[in-house]
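Now for the letters of each chain:
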Amino acid sequence: MLIGIELEDKIRDYIVKSTFEDVKNITNETLIFEEGVLDSMGLLFLIEFLNEEFNVTTNDDELVVENFKSINNIVAFLKAKL
Amino acid sequence: MSTSGKHVPFSKNILHFENVEKVCNEIIVNLKRDVGRTLQRRGAVVGISGGIDSSVVMALSAKAFGPEKVTGIMLPEKDSSDDSLFLAEKLAKKFGVSTKVEEITKALDGFGCYQRRDEAIAKVIVDFDPEVDKAKIEIKQNITENLPAVFSITVIKPSGEIRSKLLPAKEYLQIVAATNFKQRCRMSMLYYYAESLHYAVIGTPNKHEVEQGFFVKYGDGGADIMPIGHLYKTQVYQLASYLGVPQEIIDRTPTTDTYTAEQTQEDFFYQMPFESMDLIWYGWENNYDAKEVAAVMGKSSTEIENIYKNFERKRKTTEYLRMKPIF
């Protein structure tokens, strides 16, 4: 099972690759939607990435800001589902 | 926030036109100038759907150019509501405008519109049967949830049973791309008539459609002039009443008229009723404090702040649709 830091790295790597952002701009606390790093299609692709990479599906009722607002939040969401 | 620099308190009447006749006359003057002088065209083509926006645009065009210089084009396809044609015909008759009906189902079949859409739906809802099932896409999140909206597919079986699933990115994009053939096909036909008559195409999007990106690039977003592109939906209704648009059209719930299942524009995209959306959008656009707007709208400041963020996000993420080609 992946540990927290590996999950963080994988998610950051995905975000950086899919947005062409400089890696130093994406911290674990960056508010990735509020700061405009990802938009609604970005969220959809992120959900797909979580499914393909970690086999974690996102249900309608899990589409809340607490689960997705930053890398830290996404990791917490993943840990709860893995 | 005000025209004189003085703070105008936020209220539920803030968007109501005191003099709707003056507003209509200004639009009519602009239409005549833009079509005649700027575009050098001799009349107007309007796609009419039986909806409130296209009805108001057709009424304004008939008043601007005279009904004999306006052609209303109805563009139904197999998923269109039966009411659309009936109401559009009633509207044209009321304003003395001649009409043409162009059924575009065969053209859409040629593009593979239905087949490509249904193929994507069936990948998500495996027992989807396009012959008997109805389908639509919708946003299920609450607008006050501070996260970008994502779409779900809902399939309604003949028994009334409902199947709904979050759409994966690939299937969502395929459904939207396939469905957008409808608006682009309509645009092509409108320009056929406009060019053959030497007329201009008068577009029908309102302010929300333009600014929130609820239109198809080079589809219903393809037009020479958008005379109500600066008007809030409730203001469009105010003009409709003043201009004498048939009451059945005014009373009709705005729908997308795009998917096989009944679907309001609120369910599909806006996530809130027009009456509230108009006011909160105005508050956001004019920098009203969320607290002041919240007190009038009966919501919390946090809810208004989250709706402001939703608007900001929608405008930003749909900028691509409003952009001209880059060269």
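Residues numbered from 1 in each chain as written. Chains lettered and ligands numbered in written order. Predicted model: local features only at pLDDT ≥ 70, side-chain atom pairs only at ≥ 80, totals over all residues.

K.L.:
In this structure, what is going on with the overall build of chain B? I would like to understand it.
P.N.:
Along the backbone of chain B there are 14 helices and seven strands. Computed over its C-alpha atoms, the radius of gyration of chain B comes to 20 Å, within 12% of the 20 Å expected for a compact globule of 327 residues. Seen through its C-alpha atoms, chain B measures out along the principal axes to roughly 60 × 55 × 45 Å. The long-range share in chain B, meaning contacts at least 24 apart out of those at least 6 apart in sequence, stands at 70%. (Helix = DSSP H or I, 4+ residues; strand = E, 2+ residues; numbered from the N terminus. Rg over C-alpha atoms; globule rule 2.2 N^0.38 Å. Contact = placed C-beta atoms within 7 Å.)

K.L.:
Could you clarify how one ought to interpret the interface of chain B and chain A in this entry?
P.N.:
Think of interface size as the accessible area that goes away when the parts come together; that is how it is often given. On the side of chain A, 15 residues touch chain B, which itself brings 16 residues to the contact. Top contributing element to the side of chain B that touches chain A by residue count: helix H13 (residues 301-317) of chain B, with three residues. Looking at the side of chain B that touches chain A residue by residue, the classes come out as eight nonpolar, four polar and four charged. (Nonpolar A, V, L, I, M, F, W, Y, C, P; charged D, E, K, R; others polar.)

K.L.:
Can you walk me through the domain arrangement of chain B in this structure?
P.N.:
Residue and element names in this part refer to chain B. By the assigned domains, chain B splits into domain 1 (111-173) and domain 2 (272-322). Computed over C-alpha atoms, the centres of domain 1 and domain 2 are 27 Å apart. Tallied by class, the residues present in the side of domain 1 that touches domain 2 amount to two nonpolar, two polar and no charged. (Domains from an automatic or database assignment.)

K.L.:
How should the sheet that holds strand E6 (residues 162-166) of chain B be read in this particular structure?
P.N.:
Hydrogen bonding along the main chain pairs the strands of a sheet, whether they run parallel or antiparallel. Residues and elements named next belong to chain B. Pairing within the open sheet is antiparallel, and its three strands lie in the order E4-E5-E6. Edge positions in the sheet fall to strand E4 (134-139) and E6, since each of these pairs with one other strand and no more. Averaged over neighbouring strand pairs, the angle between their axes works out to 20° when direction is ignored. One ladder, built from five bridges, connects strand E5 (residues 151-156) with E6; its direction is antiparallel. If you follow threonine 154 over to E6, its bridge partner there is serine 164. (Pairing = 2+ DSSP bridges. Axes fitted to C-alpha atoms, helices over the stretch in contact; angles between N-to-C directions.)

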